Amino acid sequence: MSRTVPVDYGDDLYWVYDVSLSVLFAEMAAEPSEWEPELRRNAVVGANSAVPLDEWTDGRETAFIALIHAACARLATKEVITAAEAAEWRVLDDATVIWRGGNAVSTKRIVTLGEALIRIIEGEYPPAPAGHLWYLGNDDPAATIRLKS
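Figured I'd write up the structure that's included with this text. The numbers attached to residues start from 1 for each chain and follow its sequence in the written order. For this predicted model, a pLDDT threshold of at least 70 governs which residues receive local features, and a threshold of 80 or more governs which side-chain atom pairs are given and counted, while totals over whole chains, interfaces and linings are taken from all residues. Excluded from the side-chain calculation are hydrogens and water; included are all heavy atoms of the structure.

1. A few points about the nonpolar core
Rules: Among the buried residues, those of types Ala, Val, Leu, Ile, Met, Phe, Trp, Tyr and Cys that are joined through side-chain atoms within 4.5 Å form a nonpolar core. We call a residue buried when its accessible area falls under 20% of the maximum for its residue type, exposed when it is over 50%, and partly exposed in between, using a 1.4 Å probe and counting protein chains only. Runs of H or I in DSSP of at least four residues are treated as helices and runs of E of at least two as strands, each being numbered from the N terminus. In this analysis, two residues are considered to be in contact whenever any of their non-hydrogen atoms come within 4.5 Å of each other.
Membership of the largest hydrophobic core comes to 47 residues, with the highest contact counts inside it found for Leu-21, Leu-24, Met-28 and Leu-136. Only strand E1 (4-9), strand E2 (12-17), helix H1 (18-29), helix H2 (36-45), helix H3 (53-57), helix H4 (61-75), helix H6 (107-121) and strand E8 (132-136) provide two or more residues apiece to this core. Apart from the residues within four sequence positions on either side, Leu-21 is in contact with Val-5, Val-7, Val-16, Val-51, Leu-113 and Leu-117.

2. Describing unusual backbone geometry
Phi is positive for Asp-93, close to 55 degrees, though the residue is something other than glycine. Among the residues examined, Asp-93 registers a relative accessible area of 72% and is labelled exposed.

3. Remarks on the environment of Arg-60
The residue Arg-60 is located in the loop between H3 and H4 in this model. Judged by its relative accessible area of 30%, Arg-60 is partly exposed. Along the primary structure Arg-60 and Pro-37 are separated by 23 residues, whereas in three dimensions their C-alpha atoms are 16 Å apart. Apart from the residues within four sequence positions on either side, Arg-60 is in contact with Glu-34, Trp-35 and Glu-55.

Here it is in structure tokens:
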């Protein structure tokens, strides 16, 4: 099973660690919005579906960014999300957020992911190094995945 989710924005593709994206989307879905159904679905399907971020935000970037900011502010009040919390976090019907090993995940990496998505939407995220794609949502904000030649 893949641990990464492809996220498209414009002509750019990003790979995102599925646990971080799942938690961020679940937290964003806690606030009613036009994106709530898609956020909930994508929070539980992980790598089985690409995230068309540009389609979601088309003409509604300000509202989507505000939703990310609000979710990140709530997540930043905690140091970690524990495995026990994740197991109880019902996102869609009986489905929970995606979780892999470990007892806890730092919310810092999830907030950093949210900040990166905002910069991507605002057109301020730097291009990945040649021959690479950004790998977001992990402990290394400069991580990339090398493209096969």
